[in-house]
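Understanding the architecture of this molecule
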Amino acid sequence: MDKAEQILAALGGTDNIVEIEPCATRLRTEVHDSSLVDEKALKAAGAFGVIASGVTYQVVVGPEADTIATDIEDLM
Amino acid sequence: MTDASPVDVLAPVSGQVIDLADVPDPVFAGAFVGPGLAVDPRRDGRTVALAPAAGRLVKLHPHAFVVQTAGGAGVLTHLGIDTVQLDGAGFELHVAEGDEVAAGAPVVTWDPAAVERDGRSPTVPVVALDAAAEALVDRHEPGPIEAAGLLFTWTR
């Protein structure tokens, strides 16, 4: 799996994503069910860190965030 | 420039130098994307944010940009916190993604006071992407700095 596929899987898959948006350094995403999110797998996929707040996750991936978000949207 | 050249990283804006740890955002404060310093910008209307180093603008958003030097050092400048939510409103770009810029070249005109009035911090983190903390030397002390003043040197 490439990075986008790994991140999408670690966020619980397409059906779990309400919204995903890139900013300069991170993916901002809202999920339906936070119990389906695997933070360890996000880090294994290359995330520098994960900031969770309820169903909102910020996955820190660095400046490639926009490219990764596009790749994830293509997978969805 | 060779790969081993140190990179002088300049302040993109005038204001007060603060530690990255004091930036009101957990990702920058935790140095997740790299070490650096931040500038709390002077509020005096619309102002130009400058390129902190010479190189190619490998990423350019209205509110943030990355300059990559010939030696491969990536320096991120982020204009304010959570400013992605402004969707570019109030940010005027002077260059295009992929352009080569000189150190101190104008990149984006913006209004730190307007960002603050909208309820966001206008703090400008300047981050040495993927650098080791100890690679940054000659770090500017907390306190006033002018745009294009030396913020830190990235030894490589």
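As the structure is a computational prediction, the values presented were derived from the model and not from experiment.

Criteria and cut-off values
Residues numbered from 1 in each chain as written. Chains lettered and ligands numbered in written order. Predicted model: local features only at pLDDT ≥ 70, side-chain atom pairs only at ≥ 80, totals over all residues. Heavy atoms only, no water. Helix = DSSP H or I, 4+ residues; strand = E, 2+ residues; numbered from the N terminus. Rg over C-alpha atoms; globule rule 2.2 N^0.38 Å. Buried < 20%, exposed > 50% of the residue type's maximum accessible area, 1.4 Å probe, protein only. Areas by Shrake-Rupley, 256 points an atom, 1.4 Å probe, with all protein chains shown as cover. Lys, Arg positive; Asp, Glu negative; His and termini not counted. Charge placed at Lys NZ, Arg CZ, Asp CG, Glu CD. UniProt positions renumbered as here; feature names shortened; annotations may be inferred. Contact = heavy atoms within 4.5 Å. Phe/Tyr/Trp six-rings, centres within 6.5 Å; stacked < 30°, edge-to-face > 60°. Patch = residues over 30% accessible without salt bridge, like charges linked within 9 Å, V, L, I, M, F, W, Y side chains within 5 Å. Salt bridge = Lys/Arg side-chain N within 4 Å of Asp/Glu carboxyl O. Pairing = 2+ DSSP bridges. Core = buried A, V, L, I, M, F, W, Y, C linked by side-chain atoms within 4.5 Å. Buried area = accessible area lost by both parts, 1.4 Å probe. Polar contact = N/O pair within 3.5 Å; in protein donor to acceptor, adjacent residues only side chain to side chain.

**Here we look at the overall build of chain B**
Scanning chain B from N- to C-terminus turns up 2 helices and 14 strands. Computed over its C-alpha atoms, the radius of gyration of chain B comes to 14 Å, within 12% of the 15 Å expected for a compact globule of 156 residues. Viewed in the frame of its principal axes, chain B has a C-alpha envelope of about 40 × 30 × 25 Å. Buried positions account for 54% of the 156 residues belonging to chain B. Of the roughly 6,300 Å² of accessible surface on chain B, 49% is carried by carbon and sulfur atoms. Side-chain charges in chain B split into 9 positive and 21 negative, and the spacing between the mean points of these groups amounts to 4 Å.

**Details of the UniProt feature "domain: PTS EIIA type-1" (unreviewed entry) in chain B**
With numbering aligned to this structure, UniProt lists the feature "domain: PTS EIIA type-1" (unreviewed entry) at residues 25-130 of chain B. For residues 25-130 of chain B, the helix share is 9%, the strand share is 39%, and the end-to-end C-alpha distance is 18 Å.

**Observations concerning the UniProt feature "active site" (unreviewed entry) in chain A**
The positions UniProt marks with the feature "active site" (unreviewed entry) are A:Cys23. In this structure A:Cys23 comes out as buried when scored by relative accessible area, which is 2%. Those residues in contact with A:Cys23, other than ones at most four positions away along the chain, are A:Arg28, A:Ala65 and B:Val84.

**Notes on the packing of aromatic side chains**
Residue and element names in this part refer to chain B. Under the defined criterion, the tally for this structure stands at 1 aromatic pair over all chains. Look at Phe91 and Trp110: their rings are 6.1 Å apart centre to centre, the planes differ by 15°, and that puts the pair in the stacked class. You can see Phe91 sitting in the loop between strand E7 (74-78) and strand E8 (92-93) and its partner Trp110 sitting in strand E10 (residues 106-110), a full 19 residues away along the chain. By the burial criterion, Phe91 is buried, and Trp110 matches it.

**Here we look at a negative patch on the surface**
Residues A:Asp2, A:Glu5, A:Glu19, A:Glu21, A:Glu30, A:Asp71, A:Glu73, A:Asp74 and B:Asp87 make up a contiguous surface patch of negative charge. For the negative patch, the secondary structure elements donating two or more residues are strand E1 (17-22) and helix H3 (65-75) of chain A. With 3 residues, the top contributor of residues to the negative patch is H3(A). Relative to the assigned elements, B:Asp87 resides in the loop between E7 and E8.

**Here we look at the pairing of strand E14 (residues 150-154) of chain B**
Residues and elements named next belong to chain B. The buried fraction of E14 amounts to 4 of the 5 residues, a majority that puts the element mostly inside the structure. Alignment of strand E1 (residues 7-10) against E14, held across 4 bridges, turns out to be antiparallel. The residue bridging Asp8 from the neighbouring strand is Thr153, located in E14. Of the pairings in the sheet, the one linking strand E12 (residues 136-137) to E14 comprises 2 bridges and is antiparallel in character. Note on E14: the bridge partner recorded for Val137 is Thr153.

**Some remarks on the nonpolar core**
By size, the foremost hydrophobic cluster in this structure holds 36 residues, and its most contacted members are B:Trp110, B:Leu151, B:Phe152 and B:Trp154. Core analysis: the second largest hydrophobic core is formed by 21 residues, A:Val31, A:Val59, A:Ala65 and A:Ile68 among them.

**What to know about the interface of chain B and chain A**
Contacts between the two partners involve 18 residues from chain B and, on the opposite side, 16 residues from chain A. When residues of chain B are sorted by the area they lose upon contact with chain A, B:Val27, B:Phe32 and B:Lys59 head the list and together hold 37% of the total. Linking chain B with chain A are 4 salt bridges. Across the pair B:Asp82 and A:Arg28 runs a salt bridge whose closest N-O atoms are separated by 3.1 Å. In this structure, the connection of chain B to chain A is made through 4 residue pairs in polar contact (both at pLDDT 80 or more). At 3 residues, helix H1 (residues 26-29) of chain B tops the list of elements feeding residues into the side of chain B that touches chain A.

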